[in-house]
Amino acid sequence: ERCVERVEKFVDAGFVGIKIWKDLGLTLKGKNGELLKVNDERLIPFFEKAGELNFPVMFHIADPDAFFLPIDRFNERYEELAAHPDWSFYGSHFSKAELLAQRDSIFKRHPNTTFVCAHLAEKSEDLAYVGRLHPVGMVFSALLMSMFYIGGEMAQSRLGLAKSLTGVFQGL
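A brief look at the structure comes next. (Residues numbered from 1 in each chain as written. Predicted model: local features only at pLDDT ≥ 70, side-chain atom pairs only at ≥ 80, totals over all residues. Heavy atoms only, no water.)

**Here we look at helix H5 (residues 96-109)**
With 14 residues, H5 extends 20 Å from end C-alpha to end C-alpha; this agrees with the ideal 20 Å at 1.5 Å per step. All of the buried residues along H5 are Lys96, Leu99, Leu100, Gln102, Arg103, Asp104, Ile106 and Phe107. Against the buried residues of H5 lie helix H2 (23-26), helix H3 (44-52), strand E2 (57-59), strand E3 (115-117), helix H6 (118-122) and helix H7 (127-133). (Helix = DSSP H or I, 4+ residues; strand = E, 2+ residues; numbered from the N terminus. Expected span 1.5 Å × (residues − 1). Buried < 20%, exposed > 50% of the residue type's maximum accessible area, 1.4 Å probe, protein only. Contact = heavy atoms within 4.5 Å.)

Below, the structure written as C-alpha cells:
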C-alpha cells in the first residue's frame, strides 16, 4: 500500500522511473524475518500501479556470475572479490538463477509495465538468455554497443586520441 502511494508521489514530483536494487532478494527481510523474494506477492500492487502510470521499473538485482561463485583462484574476478569479499553473494539464500527467475516471472505477470534490465539483464555472460528475454532489445543493445565502438575508433583516428582513452569510451 505504501509502495503504491510512493509511486504516485514520485510521478507527481516528476520522477521518470524507479530502480529496484539488489537488496530485494539478497538482504531485505519482511516483518517475519524472512528474506523477501524479488517476486513477493506483496509487491504486485506496486508493479500494477507502475504500469498504470507508465512509470518504468529498472531491475538491478544481481551482479556478474562470478559474484555468486566461490572466491578462489578459479573465479575470474578473484582479485576484485578478494579485495572486497563483502561484494560476494556466494552462499546467498537465493542463487543468481533463482533471483533472475523471480524477476522474469514479474515481467510475465505484468505485461503492461515497462521494465528495464540493468547490465544486459544482469546476464551479460549469456547473450542467448538476454535475446530470449527481449529479441528486439538485444538488437538495440547490439546497435548501441557498436555505435560506442565505432565512435571510439573514429575519435581515435580523427582526433588523434590515445587508444587507452577511446577504450574508456568504448567501455561505456
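Don't stop here, the text continues.
**Describing the packing of aromatic side chains**
Summed over the entire model, instances satisfying the criterion amount to eight aromatic pairs. Clustering of aromatic rings is evident, with ring pairs tying together Phe46, Phe47, Phe59, Phe107 and Phe115. (Phe/Tyr/Trp six-rings, centres within 6.5 Å; stacked < 30°, edge-to-face > 60°.)

**A word on the side chain of Lys49**
Relative to the helices and strands, Lys49 is located in helix H3. A relative accessible area of 14% places Lys49 in the buried class. In terms of polar contacts, Lys49 uses its side chain to reach the side chain of Glu8, at 3.1 Å. Residues in contact with Lys49, not counting those within four places in the same chain, are Val4, Val7 and Glu8. (Polar contact = N/O pair within 3.5 Å; in protein donor to acceptor, adjacent residues only side chain to side chain.)

**Describing the layout of surface pockets**
In this model, the largest pocket occupies a volume close to 750 Å³. Residue lining of the largest pocket: 24 residues in total, with Cys3, Arg6, Leu28, Leu36 and Leu43 positioned closest to the centre. At the level of secondary structure, the elements contributing two or more residues to the lining of the largest pocket comprise helix H1 (2-12), strand E1 (18-20), H2 and H3. With five residues, H1 is the single largest residue contributor to the lining of the largest pocket. In terms of residue class, the lining of the largest pocket is built from 13 nonpolar, two polar and nine charged. (1 Å grid on protein atoms, 1.4 Å probe; cavity = no way out; pocket = protein on both sides within 12 Å on 5 of 7 lines; lining within 4 Å. Points joined across faces, edges and corners; volume = space filled by probe spheres on them. Nonpolar A, V, L, I, M, F, W, Y, C, P; charged D, E, K, R; others polar.)

**Here we look at the packing of H1 against H3**
For the pair H1 and H3, the least separation of the axes is 8 Å and the interaxial angle reads 20°. Judged by the angle between their axes, H1 and H3 are roughly parallel. The handedness of the crossing between H1 and H3 comes out as right-handed. Contacts from Cys3, Val4, Val7 and Glu8 of H1 reach H3 at Pro45, Phe46, Lys49 and Ala50. When the residues that make up the contact of H1 with H3 are grouped by side-chain class, the tally is six nonpolar, no polar and two charged. (Axes fitted to C-alpha atoms, helices over the stretch in contact; angles between N-to-C directions. Parallel < 35°, antiparallel > 145°, perpendicular 65-115°, else oblique. Left-handed = near helix turned anticlockwise from the far one by under 90°.)

**What about the nonpolar core?**
Formed by 29 residues in total, the largest nonpolar core has its most connected members in Phe47, Val57 and Phe59. Residue assignment for this core shows that the elements contributing at least two residues are H2, H3, E2, H5 and H7. Setting aside residues up to four positions removed in sequence, Phe59 forms contacts with Ile20, Val38, Phe47, Arg103, Ile106, Phe107, Phe115, Val116, Cys117, Ala118 and Glu122. (Core = buried A, V, L, I, M, F, W, Y, C linked by side-chain atoms within 4.5 Å.)

**Here's the deal with the pattern of salt bridges**
Counted by the stated rule, this structure contains 11 salt bridges. With its nearest N and O atoms 2.8 Å apart, the salt bridge here joins Arg42 to Asp40. A residue is classified by how much of its surface remains accessible, and Arg42, at 55% relative accessible area, is exposed. The class of Asp40 is buried, set by a relative accessible area of 16%. Sharing partners across several salt bridges, the network here consists of Asp65, Lys96, Lys123 and Glu125. (Salt bridge = Lys/Arg side-chain N within 4 Å of Asp/Glu carboxyl O.)

**Regarding the environment of Lys96**
Residue position: Lys96 is located in helix H5. Considering only alpha carbons, one finds Lys96 and Lys123, 27 residues apart in sequence, at a separation of 9.5 Å. Beyond its immediate sequence surroundings of up to four residues, Lys96 is in contact with Ala62, Asp63, Pro64, Asp65, Phe68, Glu122, Lys123 and Glu125.

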